[in-house]
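Chain and residue survey
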Amino acid sequence: MTGARLICGPIQEEVHLSINEKGPDGHPDVTFDRGRGGRIGIEEAVLCEHKAVAQIAAIIGDAAAEDRRLLLTRLTAEQFDGLPAELVQSVDYCTASRTAILGEIGPLARDPRIALVSAGTSDYAPMAEARRTLAYGGMDATEVSDVGVAGLWRLLAREEMLREMDVVIVFAGMDAALPSVVAGLVPGVVIGVPTSVGYGVARGGRVALDSILASCAPGVTVVNIDNGYGAATSALRLANMMRRAAAGG
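All values reported here derive from a predicted model rather than from experimental measurement.

A separate point is the overall build of the chain. Looking only at helices and strands, the chain has eleven helices and nine strands in total. For the chain, whose C-alpha radius of gyration is 20 Å, the value lies close to the compact-globule estimate of 18 Å for 249 residues. Each of the 249 residues in the chain was classed as buried or not, and the buried ones make up 43%. Of all intrachain contacts in the chain linking residues separated by at least 6 positions in sequence, the fraction that spans at least 24 positions is 67%. On the chain, roughly 13,000 Å² of surface is accessible, and the fraction owed to carbon and sulfur atoms is 55%.

Attention now moves to the sheet that holds strand β3 (residues 91-94). What the four strands build is an open sheet, ordered β1-β2-β4-β3; its pairing is mixed. Edge positions in the open sheet fall to β1 (46-47) and β3, since each of these has one partner strand only. Here β1 runs beside strand β2 (residues 70-73); their pairing, made up of two bridges, is parallel. Following the sheet pairing, Val 46 is matched in β2 by Leu 72. Strands β2, β3 and β4 (99-102) of the sheet are contacted by helix α6 (residues 124-136), whose axis makes an angle of about 15° with β4.

Our next topic: the pattern of salt bridges. Applying the stated criterion across every chain, the model contains 14 salt bridges. In this structure, the salt-bridge partner of Arg 34 is Glu 66, at a minimum N-O distance of 2.9 Å. In this pair, Arg 34 is assigned in the loop between α1 (2-18) and α2 (36-40) and Glu 66 in the loop between α3 (53-65) and β2, connecting sequence segments 32 residues apart. Residue class for Glu 66 comes out partly exposed when judged on its relative accessible area of 30%. With a closest N to O distance of 2.5 Å, Arg 132 and Asp 92 form a salt bridge. Remark: Asp 92 occurs in strand β3 and Arg 132 occurs in helix α6; sequence separation between them is 40 residues. The class for Arg 132 is buried, based on a relative accessible area of 10%. Take Asp 92: its relative accessible area is 44%, and that puts it in the partly exposed class. Here the residues in one salt-bridge network are Asp 25, Arg 34, Glu 66 and Arg 68, joined through shared partners.

Turning our eyes to something else, we now look at the pairing of β2. In the case of a regular strand, side chains alternate between the two sheet surfaces. Neither face of β2 is exposed, since Leu 70 and Leu 72 on one face and Leu 71 and Thr 73 on the opposite face are all buried. A crossover connection joins β1 to the parallel β2 through α3; in handedness this β-α-β unit is right-handed. Pairing of β2 with β4, which is carried by three bridges, proceeds in the antiparallel orientation. Residue pairing in the sheet places Leu 72 in a bridge with Ala 100 of β4.

The subject of this paragraph is α3. For α3, with 13 residues, the first-to-last C-alpha span of 18 Å sits near the 18 Å given by 1.5 Å per residue. What α3 keeps buried is the set Gln 55, Ile 56, Ala 57, Ala 58, Ile 59, Ile 60, Asp 62 and Ala 63. In the core, the buried residues of α3 are packed alongside β1, β2, α4 (77-82), α5 (85-90), β3 and β4. Two residues or fewer after α3 comes Asp 67, characterised by a positive phi angle close to 55°.

Cut-offs used in this document
- Residues numbered from 1 in each chain as written.
- Predicted model: local features only at pLDDT ≥ 70, side-chain atom pairs only at ≥ 80, totals over all residues.
- Heavy atoms only, no water.
- Helix = DSSP H or I, 4+ residues; strand = E, 2+ residues; numbered from the N terminus.
- Rg over C-alpha atoms; globule rule 2.2 N^0.38 Å.
- Buried < 20%, exposed > 50% of the residue type's maximum accessible area, 1.4 Å probe, protein only.
- Contact = heavy atoms within 4.5 Å.
- Areas by Shrake-Rupley, 256 points an atom, 1.4 Å probe, with all protein chains shown as cover.
- Pairing = 2+ DSSP bridges.
- Axes fitted to C-alpha atoms, helices over the stretch in contact; angles between N-to-C directions.
- Salt bridge = Lys/Arg side-chain N within 4 Å of Asp/Glu carboxyl O.
- Right-handed = clockwise from strand over helix to strand, strands pointing away.
- Expected span 1.5 Å × (residues − 1).

This is how it looks when you write it as structure tokens:
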């Protein structure tokens, strides 16, 4: 029992110290994690899918009142149009990525060097989500679109440039062979994003997910289907760690 108490004590203390709430929140169903950025270097984003417009409005209103920046993901056009007029005018909404940003986007850093590579133009939505998430996190990115392996020459024409990148996020549906091919060509970190693009059994993205998980190329990182946000935050974590290492932290 003594051993159990010794283990539990520090864990409880760590959890307590990690909470940094200023609330109360403007909606009874919401408890926004205001301290996340201080803990992990990435602020809490708002997944708007399945949320009521009133909940989204309250979250934006709280952030505006507290002069906080805010990233909203998977915000449909219908949800956006349902927001009060003053909130609609306060955020920058992107239809393609279904993201909205409250607050300013400052100058974007180019170090580490990040590339967003898509197999086809049908993969644009998750790539746009990643680009917007990176921009919100202060990072620039180079886009390379429509270079799927069915026309391998398109990728090989960009090989020299991609080899200079520190992180390459690759978006591919159907058989999702592109992340493996890229990972066999470049020395940087490769993050595969399976997309829900495809015919028949490929529809929905599970084939793409399994394909990247089964990649024969060493060291390919995989996120969930269509998860441009997750891929971008993985790159942001890496960028933060590189800065800490450079600063001797």
